[in-house]
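Observations on the three-dimensional arrangement
So you can see what is in the structure, the chains are spelled out below.
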Amino acid sequence: MPEIEFSSTIRELRSRLGISQEKLATQLRVSFPTINRWENGKSLPDPAIQHLVAVFVESLGADYADIRARLAAGGEPSAVAAPLRVATRRGRRKKTHAPEWTPSENGQIMDNRSMEGLLWKAACSIRGEKDAPKFKDYILPLVFIKRLSDVFEDEITRLAEEFGDQDTALTVLEADPTLVRFYIPPEATWPVVSGRKPFNWSADRKPKTLGEQLTTTIRAIAKANPTLQGVIDIVDYNETRNGEREISDDALAKLIETLSDPRYRLGLKDVEPDFLGRAYEYLLRKFAEGQGQSAGEFFTPKEVGWLMARLVAPRQGEEVYDPCCGSGGLLVKCQLVLKESAPRIDRPLKLHGQELTGSSFAIARMNMVLHDMTGEIVRGNTMANPKFLDDSRLRQFDIVVTNPMWNQDNFDPKSYESDPYERFESRGGFAPGASADWAWLQHVAASLGEKGRAAIVIDTGAASRGSGGQGENKEKAIRRWFVGQDLIEAVILLPDNLFYNTTAAGLILVLNAAKAENRRGHMLLVNAGAAFKKGRPKNELTEDGIRNVVECFRGWKDREGVSRVVPLHEIETADCNLSPSLFVHSKPAVFNGDIQGILNELAIFQKEADSLSISLASTFDSLGFHWGGSRD
């Protein structure tokens, strides 16, 4: 639409509404100067903003249909004027979902900082209503709805292009909801939830409160999409205890307004594929850890996930497995890495994941469908009850990628001895009760096919515990078995402070059940500890760092201060200590930073140290000791 035509349309809209530019700016959630520039013909919004204006006008009802039509005629994306095209062949029309994910046309996607800003604003909007650790229980389902609704809008736009106009697309879709990833009933779309579009509720169904409407919305989505039943419809926004609402309509309205900000659209091209996993990760870290509680898991930073996917280099048609898949991020990245190397995919990966935590399980299932990925996500405790079996044996896969909980200590050691799947005793023995790191590696090894390969993230301590000491150590014995079997292809030391729940560095172990001839009897050790960009609160693994590690792995060469190909007999001489820093000494990184910023950080560290000293003093005092020296 030309600027002059758009300006007159906006001017007429404001005149008929009888409101000021400031008021219209508030309703459209843009700045006052923006409205002024539009009306004066000095700027034209991009198609996405024009679409938001059209949605707003549509919510005003039939009296504004002429303005809505004018906006649509100007190229508004959800009402494309084109000849009607209907499939004429018999049988069910083939689903033609959009590609898994590509950036928006201008390449702009929501980065981590923007996502965290959105979620923090959302949390602040209900502050005081709920304890911080419970924020995520109310915020995340609404983020789900917003994500699903925005993706649904994208798909309506696609169908409108295919069938000629939006009304025809909606009619076709009502007859066959399987044409989209998730079907969102009219009363459950985000414009209705946010109050920007009216919905004609029947008298017997009209919600009495906003909380009741949200609960009805979630249940309607779950009913229309059976795979989400029992997954998203587990929160009652209208719950009342002792005569008081658990969360008020006022707080819910503020939360909805925050998520409705047009800057935070969550469609197919607006955010990365694992956006929901990132959101859950942030909320869990921000509020569980902030209250001194343990989130119980170490989520995989997206850069680490990309590195792992590139190390295993998926090939078409392969089966990929994650035994503790969380939100499915590692599985998603494997498919996207395949797409990078093979623009035409005739045989997509077959993705399989098992997850214990309900919220993560829900996100993983949604991620599979949202991105048209072929896979199966099941729920359960993998260590106690693995679900992927061939008869009574563990199913074996081409690729395993996983980041299990580090140093997990809630397994009964007796369960290792009585394991019906023979994962442990024949693979080096039983892991200690204090840490299941190597038990997870044994499970991964048992799940690899004859030519299978894997990338697993573990705690750095798992590489060396017990080495150099007198006597036998359970973890060292298991490491010795892996070294003796020549299963470990590479060990990669990551930078410090990448993971949300810990400042520990972490290691990636790359396993290969069928090493290339020139790699047998050797192991590549990589020290990538300096390959990061300093951030707040967490560091980030750099793109150059990822590329360098992958090049080291593929090139299989020594690189001073970074990597070294080590004979297995040298590993054995070192008492099966697999720590890359023992064999590769990297040069310390030099950082140039703002002096005041560094001093501010030092002050924070000092405050934390003082707090810890006070806590320790109190603890030892209660035990009859004096912190800092003997009693006078």
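Residues numbered from 1 in each chain as written. Predicted model: local features only at pLDDT ≥ 70, side-chain atom pairs only at ≥ 80, totals over all residues. Heavy atoms only, no water.

1. Quick notes on the overall build of the protein
Counting its regular elements, the protein contains 22 helices and 15 strands. Residues classed as buried in the protein amount to 50% of the 632 residues present. Sequence separation of 24 or more characterises 74% of the internal contacts of the protein that already satisfy a separation of 6 or more. (Helix = DSSP H or I, 4+ residues; strand = E, 2+ residues; numbered from the N terminus. Buried < 20%, exposed > 50% of the residue type's maximum accessible area, 1.4 Å probe, protein only. Contact = heavy atoms within 4.5 Å.)

2. As for the packing of aromatic side chains
Within this structure, the stated rule accounts for 11 aromatic pairs. Ring centres 5.5 Å apart and planes at 85° place the aromatic pair phenylalanine 6 and tryptophan 38 in the edge-to-face group. Of this pair, phenylalanine 6 sits in helix H1 (residues 3-17) while tryptophan 38 is found in helix H3 (residues 32-39), placing the two residues 32 residues apart along the sequence. The class for phenylalanine 6 is buried, based on a relative accessible area of 0%. (Phe/Tyr/Trp six-rings, centres within 6.5 Å; stacked < 30°, edge-to-face > 60°.)

3. Regarding helix H19 (residues 543-555)
The end-to-end C-alpha separation of H19 is 18 Å, in line with the 18 Å expected for 13 residues at 1.5 Å each. Within the span of H19, buried status applies to Gly545, Ile546, Val549, Val550, Cys552 and Phe553. Along the axis of H19, the buried residues cluster in a sector spanning 155°; they form a single face. Counted as exposed and oriented over 90 degrees from the buried face of H19: Glu543 and Arg554. Of the residues trailing H19, tryptophan 556 is marked for its positive phi of about 55°. (Expected span 1.5 Å × (residues − 1). Arc of directions from axis to C-beta.)

4. Examining the confidence of the model for the protein
For the protein, per-residue confidence averages 81 on the pLDDT scale, and residues scoring 70 or more make up 82% of the total. Taken together, the stretch residues 288-297 has pLDDT below 50 and engages in 16 contacts with residues farther than four places along the chain or on a different chain. (pLDDT = per-residue confidence, 0-100.)

5. Describing the side chain of arginine 147
Relative to the assigned elements, arginine 147 resides in helix H7 (residues 135-163). One buried charged residue, arginine 147, forms no salt bridge at all, with the nearest opposite charge on aspartate 154 at 6.4 Å. Within the structure, arginine 147 has its side chain in polar contact with the backbone oxygen of glycine 267 (distance 3.1 Å). (Lys, Arg positive; Asp, Glu negative; His and termini not counted. Salt bridge = Lys/Arg side-chain N within 4 Å of Asp/Glu carboxyl O. Polar contact = N/O pair within 3.5 Å; in protein donor to acceptor, adjacent residues only side chain to side chain.)

6. Concerning the pairing of strand S11 (residues 507-512)
Counting buried positions over the six residues of S11 gives six, a clear majority of the element. The alternating pattern of S11 places Leu507, Leu509 and Leu511 and Ile508, Val510 and Asn512 on opposite faces, both of which are buried. Strand direction decides the pairing type here: strand S9 (residues 448-458) and S11, joined by six bridges, are antiparallel. The residue bridging alanine 454 from the neighbouring strand is leucine 511, located in S11. Pairing between strand S10 (residues 488-493) and S11: five bridges, direction antiparallel. When the sheet's bridge partners are listed, valine 491 is paired in S11 with leucine 509. (Pairing = 2+ DSSP bridges.)

7. Structural notes on the packing of helix H13 (residues 302-312) against helix H14 (residues 329-341)
Between two packed helices, both the angle of their axes relative to each other and the distance between the axes serve to describe the pair. Where H13 meets H14, the axes come as close as 9 Å, and the angle between the chain directions of the two elements is 55°. Put simply, H13 runs oblique to H14. Helix-helix and strand crossings are classified by hand; for H13 and H14 the assignment is right-handed. Between H13, through Lys302, Gly305, Trp306, Met308, Ala309, Arg310 and Val312, and H14, the contact on the second element is made entirely by Leu330, Lys333, Cys334, Leu336, Val337 and Glu340. (Axes fitted to C-alpha atoms, helices over the stretch in contact; angles between N-to-C directions. Parallel < 35°, antiparallel > 145°, perpendicular 65-115°, else oblique. Left-handed = near helix turned anticlockwise from the far one by under 90°.)

8. A look at the environment of asparagine 200
With respect to the element layout, asparagine 200 can be found in the loop between helix H9 (190-193) and helix H10 (210-224). Sequence separation of asparagine 200 and glutamate 187 is 13 residues, and the distance between their C-alpha atoms is 8.6 Å.

9. Examining the pattern of salt bridges
Oppositely charged side chains are able to pair whenever their charged atoms sit close together. One pass over the full model with this rule turns up 31 salt bridges. In this structure, aspartate 459 and arginine 465 form a salt bridge, with 3.3 Å as the shortest nitrogen-oxygen distance. Judged by its relative accessible area of 26%, arginine 465 is partly exposed. Measuring nitrogen to oxygen at the nearest pair gives 2.8 Å for the salt bridge that ties glutamate 570 to arginine 564. Taking the relative accessible area as the measure of exposure, glutamate 570 reaches 24% and is therefore partly exposed. Because the salt bridges share partners, they merge into one network encompassing Glu12, Arg16, Asp66 and Arg70.

10. Brief notes about the pairing of strand S12 (residues 522-527)
Along S12, five of the six residues are buried, which leaves the element largely enclosed by surrounding structure. As defined by bridge partners, S10 adjoins S12 across four bridges and the pair is classed as parallel. The residue bridging valine 491 from the neighbouring strand is leucine 525, located in S12. As paired elements, S12 and strand S15 (residues 563-567) share five bridges and run antiparallel to each other. Within S15, the residue paired with histidine 522 across the bridge is proline 567.

11. A few points about unusual backbone geometry
Non-glycine residue asparagine 242 carries a positive phi angle of around 50°. Residue position: asparagine 242 is located in the loop between strand S1 (240-241) and strand S2 (244-245). Backbone geometry at cysteine 576 places phi at a positive 60°, although glycine is not the residue there. When you line up the elements, cysteine 576 lands in the loop between helix H20 (568-573) and helix H21 (580-583).

12. A few points about the sheet that holds strand S8 (residues 397-402)
Think of a sheet as strands paired side by side through backbone hydrogen bonds, with each pair either parallel or antiparallel. Strand order in this open sheet of nine strands is S5-S4-S3-S8-S9-S11-S10-S12-S15, and the pairing throughout is mixed. Among the strands making up the open sheet, the edge pair consists of strand S5 (375-379) and S15. Neighbouring strand axes in the sheet, compared pairwise and without regard to direction, differ in orientation by 15° on average.

13. A short note on the environment of threonine 300
Positionally, threonine 300 belongs in the loop between helix H12 (275-288) and H13. Relative accessible area serves as the criterion here: at 13%, threonine 300 is assigned to the buried category. Measuring from C-alpha to C-alpha, the distance between threonine 300 and glycine 329 comes to 8.1 Å, with 29 residues separating the pair along the chain.

14. Observations regarding helix H18 (residues 474-484)
Of all the positions in H18, only Glu475, Lys476, Ala477, Ile478, Arg479, Phe482 and Val483 are classed as buried. Considering only its buried residues, H18 is in contact with helix H17 (437-446), S10, S11, S12 and H20. Looking one or two residues beyond H18, the residue adopting positive phi is aspartate 486, at roughly 55°.

15. Some words on the environment of lysine 350
Here lysine 350 lies in strand S4 (residues 350-355). When its relative accessible area of 42% is taken as the criterion, lysine 350 is described as partly exposed. Distance from lysine 350 to glutamate 318, taken between C-alpha atoms, is 6.2 Å for residues 32 residues apart in sequence. Sequence-distant contacts of lysine 350, that is, excluding residues within four places in its chain, are made with Glu318, Glu319, Val320 and Thr374.

16. Some remarks on a negative patch on the surface
On the surface, Asp412, Glu417, Glu422 and Glu425 cluster together into a patch of negative charge. Within the element layout of this structure, aspartate 412 appears in the loop between S8 and helix H16 (413-417). (Patch = residues over 30% accessible without salt bridge, like charges linked within 9 Å, V, L, I, M, F, W, Y side chains within 5 Å. Areas by Shrake-Rupley, 256 points an atom, 1.4 Å probe, with all protein chains shown as cover. Charge placed at Lys NZ, Arg CZ, Asp CG, Glu CD.)

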